[in-house]
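Coordinate analysis (summary)
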Amino acid sequence: LWSGPIGDVNAEVEIARRAWPEWASKPLTYRTEMMRRFSNMVKSERDSFADLISRETGKPIWESRTEVEAVIARVEAAIKSCSERTPNRRTEGALGLRQALRHKPHGTLAVITPYNMPAALPADQILPALIAGNSVVFKPSEYGTAVGEKLVELFYQVGLPESVLRLLVGGPEIGKQLAAHPSIDGLLFTGSTRTGLALNMMYAA
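The text that follows walks through the structure, step by step, so that each part is easy to find.

A tally of regular secondary structure across the protein gives 8 helices and 6 strands. In the protein, the succession of α and β elements from N to C terminus is α-α-α-α-β-β-β-α-β-α-β-α-β-α. A compact globule built from 205 residues should have a C-alpha radius of gyration of about 17 Å, and the protein, at 18 Å, falls within 12% of that. Taken along its principal axes, the extent of the C-alpha atoms in the protein is 65 × 40 × 30 Å. The 205 residues of the protein split such that 43% are buried. Counted over contacts in the protein with a minimum sequence separation of 6, partners at least 24 positions apart contribute 75%. Accessible area for the protein stands at about 11,000 Å²; split by element, carbon and sulfur atoms hold 53% of it. Across the protein, 24 positive and 22 negative side-chain charges occur, with their mean positions spaced 8 Å apart.

For Leu-95, which is not glycine, the phi torsion reads 60° and is therefore positive. Tracing the sequence through the fold places Leu-95 in the loop between β1 (89-92) and β2 (98-101).

Our focus in this paragraph is the pairing of β2. Pairing of β1 with β2, which is carried by 4 bridges, proceeds in the antiparallel orientation. Considered in β2, the bridge of Arg-89 is made with Leu-101. The turn joining β1 and β2, which pair antiparallel and follow one another in sequence, is formed by 5 residues; a positive phi near 60° is taken by Leu-95.

Calculation criteria
- Residue positions are given per chain, counted from 1 along the sequence in the order it is written.
- Only residues with pLDDT of 70 or above have their local features reported here, since the model is predicted, and side-chain atom pairs are shown and tallied only from 80 upward, although totals for entire chains, interfaces and linings are computed over all residues.
- Excluding hydrogens and water, the side-chain figures rest on all heavy atoms present in the structure.
- In this description a helix means any DSSP run of H or I spanning at least four residues, a strand means any run of E spanning at least two, and both kinds are numbered starting from the N terminus.
- Using C-alpha atoms as the atom set, the radius of gyration is obtained and then compared with a globule rule of 2.2 Å times the number of residues to the power 0.38.
- Here's how the labels work: a residue is buried when its accessible area is under 20% of the maximum for its type, exposed when over 50%, partly exposed in between, all with a 1.4 Å probe on protein chains only.
- It only takes one pair of heavy atoms within 4.5 Å for two residues to be counted as in contact.
- We get accessible surface area from the Shrake-Rupley algorithm with a probe of 1.4 Å; when it comes to residues, only the shown protein chains can shield them.
- None of His or the chain ends enter the tally, which takes Lys and Arg as positive and Asp and Glu as negative.
- Note that the charge is assigned to NZ on lysines, CZ on arginines, CG on aspartates and CD on glutamates.
- Paired strands are those between which DSSP finds at least two bridges.

Right, here's the structure in full:
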């Protein structure tokens, strides 16, 4: 169904790291419009996307179609969450004191997701990260690489710079290297309890 070379963690992180300042400098309206274009692109390819999910994961087609619809719905949900949770605020206090609250992106985020929802779970994490102005290095499950690649390609097709969202191909060892990479500014992870605990201990140390 899919084949390709194992990714280079250092190279992919470096590409995304160089890209994020320019992406972060784009107006929020620009970034949200890009995500809405992505939503429309997914709508236009919903049947072929669902078919790919079923062929790679073994899901029945009705469930794959539901997952594609969930990806579409997550776009507006992510935009709404961003506007509700991180708006710029200005306040005035006593003696003319003025305060401003602004939110800034973290930088370059790693996203590691499992095979059972290979489109919806990555979208849950990639969309808010991009809207907020971060760049992303995305490592899908080795059992869902074709779907992960398709998801990334749909972002590229609407004009998202390829350097802002990078696909990292590989298995558990590549995931470990990415999670431990000194140049990432955060990790968004969905997966097994055992891996989650290992990541927790690694970061706590």
